[in-house]
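Topology and contacts: notes
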Amino acid sequence: DDQIERERASQRLSGGCCALAAVYLMGKFYVANAGDSRAIIIRNGEIIPMSREFTPETERQRLQFLAFLRPELLGKEFTHLEFPRRIQPKELGKKMLYRDQNMNGWAYKKIEEDDLKFPLIYGEGKKARVMATIGVTRGLGDHDLKVFSSNIHIKPFLSCFPEVRVYDLTQYEHCPDDVLVLGTDGLWDVTNDKEVAGVVMEVLTSYEPNDPCRYTMVAQELVVRSRGMLKERGWRLANDKLGSGDDISVFVIPLGGPGNYT
C-alpha cells in the first residue's frame, strides 16, 4: 500500500483494488483477503469458507471507532452514529433508535443537531457505502479518493491489512474433485457458495480425474454463468435475474488427486 502511494506521485497513477492471495507453504494454505473478494474450499461436497467480505456493514464498528477517535476525519459533514434511517429536522428532540462503535444492538437517544449530519455508513447490503462513496473497506491504493465535491479523504477508513485463514492439507485426504475457489465480487454478487459448489461438481464429473483442463473449465463456466447471456433487457442469468456487471475473475486450484498430468 505504501509502494502504491509512492508510485502515485512518481507515475501519476490513481485508483485502488482489493486483494485476495493464497500461499501454499509446508503443507498449509494461507488465504489472505483484503476487500470483497472471497475464497471457499470444496472438500467431498462440503463447503469451507476461507475468507469473508469486508464491507461497510461487516466492519461497521471498526469504522465507527476510528471516526469516534478522530472526528476531524468526518469533515463536520458526517456523524459516526448509525440510525435506522435518515433523521429529518422536524425530529429534533424526539427519541430515535441508534447504535455506536460499542454496540451490537440498538438503543434510544434524543435527537440532537449533530445527528442530522449524513451517517458515516449508509445503505444496506451491496448498497452500503462509507461516506456515500465506497462499498468496500479493505484494499490497496485509493489514496486520492475523496467524498464527492469535498476535500474529505476516504483513505483513512480503508485498511490494507488482510484477514488470514489457514487450511492444513495434511489433516485430510483429498481427491481430484477437492478444490480451492478464489473469486472476485463479480462472482459472489450473483452466485452463492452452494451454487458455486454445484457448478464445480457438475463440470468436474464431465472430465477424467487426470485431465488438467478440468479445473480451467470450471473457472470458465463460473465466469460465463455469472455474466449471463446478453438479451434485450441486458445480461441475464439462467433464472432471468440480472447478471453480474462487475469484474469477474476466478481461480480453481486442485487440492489433491493424481500428481502426474501426462
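Since the structure is predicted, the reported quantities are computational estimates derived from the model, not experimental observations. (Residues numbered from 1 in each chain as written. Predicted model: local features only at pLDDT ≥ 70, side-chain atom pairs only at ≥ 80, totals over all residues. Heavy atoms only, no water.)

As for the UniProt feature "domain: PPM-type phosphatase" (unreviewed entry) in the protein chain
- According to UniProt, the "domain: PPM-type phosphatase" (unreviewed entry) feature falls on residues 1-255.
- With 20% helix and 26% strand, residues 1-255 has end C-alpha atoms that lie 31 Å from one another. (UniProt positions renumbered as here; feature names shortened; annotations may be inferred. Helix = DSSP H or I, 4+ residues; strand = E, 2+ residues; numbered from the N terminus.)

Some thoughts on the environment of Ala107
- Topologically, Ala107 is positioned in strand S8 (residues 107-110).
- Residue classification places Ala107 among the partly exposed residues on the basis of a relative accessible area of 28%.
- Considering only alpha carbons, one finds Ala107 and Leu97, 10 residues apart in sequence, at a separation of 5.3 Å.
- Setting aside anything within four residues of it in sequence, one finds Ala107 in contact with Met96, Leu97 and Tyr98. (Buried < 20%, exposed > 50% of the residue type's maximum accessible area, 1.4 Å probe, protein only. Contact = heavy atoms within 4.5 Å.)

Re the nonpolar core
- Within the largest apolar cluster, 19 residues are counted, with the highest numbers of intra-cluster contacts made by Val179, Val181, Val196, Val200, Leu222, Val250 and Val252.
- For this core, the secondary-structure elements that each account for two or more residues are strand S4 (38-43), strand S14 (179-183), helix H3 (185-188), helix H4 (193-204), helix H5 (213-227) and strand S17 (250-254).
- The biggest single contributor to this core is H4, with 6 residues.
- If we ignore the near neighbours within four places in the chain, the residues touching Leu222 are Val181, Leu187, Val196, Val199, Val250 and Val252.
- Ranked by size, the runner-up nonpolar core spans 17 residues in total, among them Ile121, Val130, Val147 and Leu158. (Core = buried A, V, L, I, M, F, W, Y, C linked by side-chain atoms within 4.5 Å.)

Describing the side chain of Thr137
- Its location among the elements puts Thr137 in the loop between strand S11 (129-130) and strand S12 (140-141).
- Residue contacts for Thr137: discarding those within four places in its chain leaves Phe54, Thr55, Pro56, Glu59, Arg62, Leu63, Val130, Phe157, Leu158 and Ser159.

Remarks on the pairing of strand S3 (residues 28-34)
- Across the 7 residues that make up S3, a large majority, 5, are buried.
- Both strand S2 (residues 19-25) and S3 contribute to a ladder of 7 bridges, which runs antiparallel. Its bridge partner being in S3, Ala22 is matched across the sheet by Val31.
- Where S3 lies against strand S13 (residues 163-168), 6 bridges are found, and the strand directions are antiparallel. The residue of S13 that forms the bridge with Asn33 is Glu163. (Pairing = 2+ DSSP bridges.)

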